[in-house]
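# An overview of the molecular structure
Take a look at the letters that make up each chain.
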Amino acid sequence: ARLCRRRPPRELERTYRHFSLARSTERRALGLKHLRARRPIMPPQGKVHDLTRLFGKLNRRYFAGRLARPQLGWSVRGWRTQLGCFDPVLDRIVINSQLDRARVPGLVIEYVLFHEMLHVKYPMRVASCGFELHAAEFRREEKQFHGYERARRFLARLA
């Protein structure tokens, strides 16, 4: 129907939505993604900042040590638009290697890592308009970061 720019019948639309949102479909899609998504990363100990140490510190302070540690690492190449990402399929957090510099304060790295840790705590979910990555509770908790405003100002100057 979409190829012909026509609205599909409601029953087919309902059946398709049910199938696409089913747990079994999600597991299968994640399994396929896991097989294909083998992007290399650099170790968590960067030239300046150590993600493993920072993860432990943030986990104790904000998550009472309950957050399971995913694989951590720096991107192989610098990214132009992204500061970090959490990949639930590979269970890993990757931080932009452009941030592993002496001129970038530890507070900024902590904030970016904390943001990605929140993605571990609040996984992406289906919403009425598609997928929701940053729900209201995610944003509320993100603002609890001790240097939220300072880190955001620094990152705004980097752009």
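As the structure is a computational prediction, the values presented were derived from the model and not from experiment.

## Topic: the overall build of the protein chain
What the protein chain contains, in helices and strands, is six helices and six strands. Its helices and strands taken in sequence order, the protein chain reads α-α-β-α-β-β-β-α-β-β-α-α from the N to the C terminus. Burial analysis of the protein chain (159 residues in total) assigns 36% to the buried set. Pairs at least 24 residues apart make up 57% of the contacts formed inside the protein chain by residues separated by at least 6 positions.

## Structural notes on helix α4 (residues 106–121)
Compared with the 22 Å implied by 1.5 Å per residue over 16 residues, the 22 Å span of α4 between its first and last C-alpha is a close match. Within α4, 13 of the 16 residues are buried, leaving the element largely enclosed by the surrounding structure.

## Examining the packing of helix α3 (residues 51–63) against α4
Axis separation between α3 and α4 bottoms out at 10 Å; the angle between their running directions is 65°. Both α3 and α4 take part in a crossing whose hand is right-handed. Along the contact surface, α3 presents Leu-51, Leu-54, Phe-55, Lys-57, Leu-58, Asn-59, Tyr-62 and Phe-63, while α4 presents Ile-109, Glu-110, Leu-113, Phe-114, Met-117, Leu-118 and Lys-121. Grouping the constituent residues of the contact of α3 with α4 by class yields eleven nonpolar, one polar and three charged.

## Quick word on the packing of α4 against helix α6 (residues 148–158)
Direction vectors running N to C along α4 and α6 enclose 100°, while the axes themselves pass 9 Å from each other. With respect to α6, the element α4 is oriented roughly perpendicular. Counted together, Leu-107, Val-108, Tyr-111 and Val-112 of α4 and Tyr-148, Arg-150, Ala-151, Arg-152, Phe-154 and Leu-155 of α6 form the full contact between these two elements. Partitioning the contact of α4 with α6 into residue classes produces eight nonpolar, no polar and two charged.

Basis of the calculations
Residues numbered from 1 in each chain as written. Predicted model: local features only at pLDDT ≥ 70, side-chain atom pairs only at ≥ 80, totals over all residues. Heavy atoms only, no water. Helix = DSSP H or I, 4+ residues; strand = E, 2+ residues; numbered from the N terminus. Buried < 20%, exposed > 50% of the residue type's maximum accessible area, 1.4 Å probe, protein only. Contact = heavy atoms within 4.5 Å. Expected span 1.5 Å × (residues − 1). Axes fitted to C-alpha atoms, helices over the stretch in contact; angles between N-to-C directions. Left-handed = near helix turned anticlockwise from the far one by under 90°. Nonpolar A, V, L, I, M, F, W, Y, C, P; charged D, E, K, R; others polar. Parallel < 35°, antiparallel > 145°, perpendicular 65-115°, else oblique.

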